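Overview (structure and organization)
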Amino acid sequence: MNVEKLIQQVRALGVTVRYSDGKIYLGNQEVLTPELWQYLRMFQDDIPTYLEVEEISRQLTNLGCVLVHSKILNDYIAFIRPGNEHKVPRGFIAYSEDELHRYFVSGASAYGKELRLVHRKKKKQTRIKEFDELCDMARENQVGVSNTNGNHPESNADTAF
């Protein structure tokens, strides 16, 4: 049993499941078996994340891009469907719909370390891409650009010493 199967079984019985104000709310809970109650307690930390991912998936289907602040990563991320890359604002790290389900459905407990490694790599690639875009804009406008080390990778002006 995992959290996804648990929620599916509970809903199949006509029980509504929602998360609000730090609590899990169950409607029509009198139909739940003792075994399902045991699983609900076992997965109580994963249920909020699962419900949030469900909502993000729903919004992705409708909008193509969902912007959030990740508590797990303490960073701004964007979940996107193909063809919506242009909707990701500067400073947000993009994740595909597949990555949403792979890394976020099971929460930080299952993929936390792997997710943080992936996020660091994505963040670095995003910074490199944004810096490259800035250099392209500078070349088009004939101005110099400095990276964080003070080096000037592109400059159309002579350097004075």
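Residues numbered from 1 in each chain as written. Predicted model: local features only at pLDDT ≥ 70, side-chain atom pairs only at ≥ 80, totals over all residues. Heavy atoms only, no water.

1. Comments concerning the layout of surface pockets
In this structure, the largest pocket encloses a volume near 400 Å³. Every residue lining the largest pocket is counted, 18 residues in all, and those nearest its centre are Pro-48, Thr-49, Glu-52, His-69 and Lys-71. Elements represented by at least two residues in the lining of the largest pocket include exactly strand E1 (16-20), helix H3 (47-63), strand E3 (65-70) and strand E4 (75-80). Here the residues of the lining of the largest pocket are counted per class, giving 11 nonpolar, three polar and four charged. (1 Å grid on protein atoms, 1.4 Å probe; cavity = no way out; pocket = protein on both sides within 12 Å on 5 of 7 lines; lining within 4 Å. Points joined across faces, edges and corners; volume = space filled by probe spheres on them. Helix = DSSP H or I, 4+ residues; strand = E, 2+ residues; numbered from the N terminus. Nonpolar A, V, L, I, M, F, W, Y, C, P; charged D, E, K, R; others polar.)

2. Focus: unusual backbone geometry
With a phi angle near 65 degrees, Asn-28 is a residue other than glycine that sits in the positive phi range. Position of Asn-28 relative to the elements: it lies in the loop between strand E2 (23-27) and helix H2 (34-42). The class for Asn-28 is partly exposed, based on a relative accessible area of 33%. (Buried < 20%, exposed > 50% of the residue type's maximum accessible area, 1.4 Å probe, protein only.)

3. Thoughts on the side chain of Ser-57
The residue Ser-57 is located in helix H3 in this model. Residue contacts for Ser-57: discarding those within four places in its chain leaves Leu-100 and His-101. (Contact = heavy atoms within 4.5 Å.)

4. So, the packing of helix H1 (residues 3-12) against H3
At a minimum axis distance of 10 Å, the contact between H1 and H3 shows a crossing angle of 80 degrees. Relative to H3, H1 is oriented roughly perpendicular. In this structure, H1 contributes Val-3, Glu-4, Ile-7 and Arg-11 to the contact, and H3 contributes Ile-47, Tyr-50, Leu-51 and Glu-54. When grouped by side-chain class, the residues that make up the contact of H1 with H3 number five nonpolar, no polar and three charged. (Axes fitted to C-alpha atoms, helices over the stretch in contact; angles between N-to-C directions. Parallel < 35°, antiparallel > 145°, perpendicular 65-115°, else oblique.)

5. Examining the pattern of salt bridges
For the structure shown, the criterion picks out five salt bridges. A salt bridge links Asp-75 to Lys-123, with the shortest nitrogen-to-oxygen separation between them at 2.8 Å. One end of the pair, Asp-75, is in strand E4; the other, Lys-123, is in helix H5 (residues 107-141), with 48 residues separating them in the sequence. (Salt bridge = Lys/Arg side-chain N within 4 Å of Asp/Glu carboxyl O.)

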